[in-house]
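Results of the structural survey
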Amino acid sequence: MTINLENIKQQGYHLTKELIEVSKIKKEQILVIGCSTSEVAGKGIGSYSSPELAEVLFQGIYDACKEAKIYLAAQCCEHLNRAIVFERDALNTYEEVNVIPQKKAGGSLATIAFQKFTNLI
């Protein structure tokens, strides 16, 4: 099975825009996304972690969030107690912790979010 990465990016973008619209999330609120790139690829959870897939999916989701002026948070997997990764600007009264997610410890989407966000906490 070949995965069309550009299609994944566009689906991530359009589905996020739809979620933003129907959820009525307000400007500067945080949208938390939990994602299994394994499942996006049609595999079982944790069996096909893919930074490449996560990168294009992240970009589509992130672009939609930036357009709506909301913050994106990526939820890590159970290996990191479902911690969330988000940019410092989204920090309000949350307790800051120090962790760097990895492909098999936190998940591919959280790992890519950590690498791509410009102002991490």
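Everything below is about the structure shown above.
Residues numbered from 1 in each chain as written. Predicted model: local features only at pLDDT ≥ 70, side-chain atom pairs only at ≥ 80, totals over all residues. Heavy atoms only, no water.

1. Considerations on the overall build of the protein
Helices and strands together make up the secondary structure of the protein, namely four helices and three strands. Radius of gyration (C-alpha) of the protein: 14 Å, near the 14 Å computed for a compact globule of 121 residues. When the accessible area of the protein is evaluated, it comes to approximately 7,300 Å², of which 48% is carbon and sulfur surface. Computed over 13 positive and 14 negative side-chain charges, the inter-centroid distance for the protein is 1 Å. (Helix = DSSP H or I, 4+ residues; strand = E, 2+ residues; numbered from the N terminus. Rg over C-alpha atoms; globule rule 2.2 N^0.38 Å. Areas by Shrake-Rupley, 256 points an atom, 1.4 Å probe, with all protein chains shown as cover. Lys, Arg positive; Asp, Glu negative; His and termini not counted. Charge placed at Lys NZ, Arg CZ, Asp CG, Glu CD.)

2. Describing the pairing of strand 1 (residues 30–34)
Only one face of strand 1 is buried, namely the one carrying Leu-31 and Ile-33, since none of Ile-30, Val-32 and Gly-34 on the opposite face is buried. Direction of pairing for strand 1 relative to strand 2 (residues 71–75): parallel, over a ladder of five bridges. Looking across to strand 2, one finds that Gly-34 is bridged to Gln-75. (Buried < 20%, exposed > 50% of the residue type's maximum accessible area, 1.4 Å probe, protein only. Pairing = 2+ DSSP bridges.)

3. Here's the deal with the environment of Ser-23
With respect to the secondary-structure elements, Ser-23 resides in helix 1 (residues 5–23). Among the residues examined, Ser-23 registers a relative accessible area of 38% and is labelled partly exposed. Within the structure, the side chain of Ser-23 is placed 2.8 Å from the backbone oxygen of Leu-19, a separation counted as a polar contact. (Polar contact = N/O pair within 3.5 Å; in protein donor to acceptor, adjacent residues only side chain to side chain.)

4. Regarding helix 3 (residues 51–68)
Between the first and last C-alpha of helix 3 there are 25 Å, a value that for 18 residues agrees with the 26 Å anticipated at 1.5 Å per step. Those residues of helix 3 not exposed but buried are Leu-53, Ala-54, Val-56, Leu-57, Phe-58, Gly-60, Ile-61, Tyr-62, Ala-64 and Cys-65. Where helix 3 is buried, its residues contact helix 1, strand 1, helix 2 (37–40), strand 2 and helix 4 (108–116). Note on helix 3: the residue one or two positions beyond its end, Lys-69, has a positive phi of about 60 degrees. (Expected span 1.5 Å × (residues − 1). Contact = heavy atoms within 4.5 Å.)

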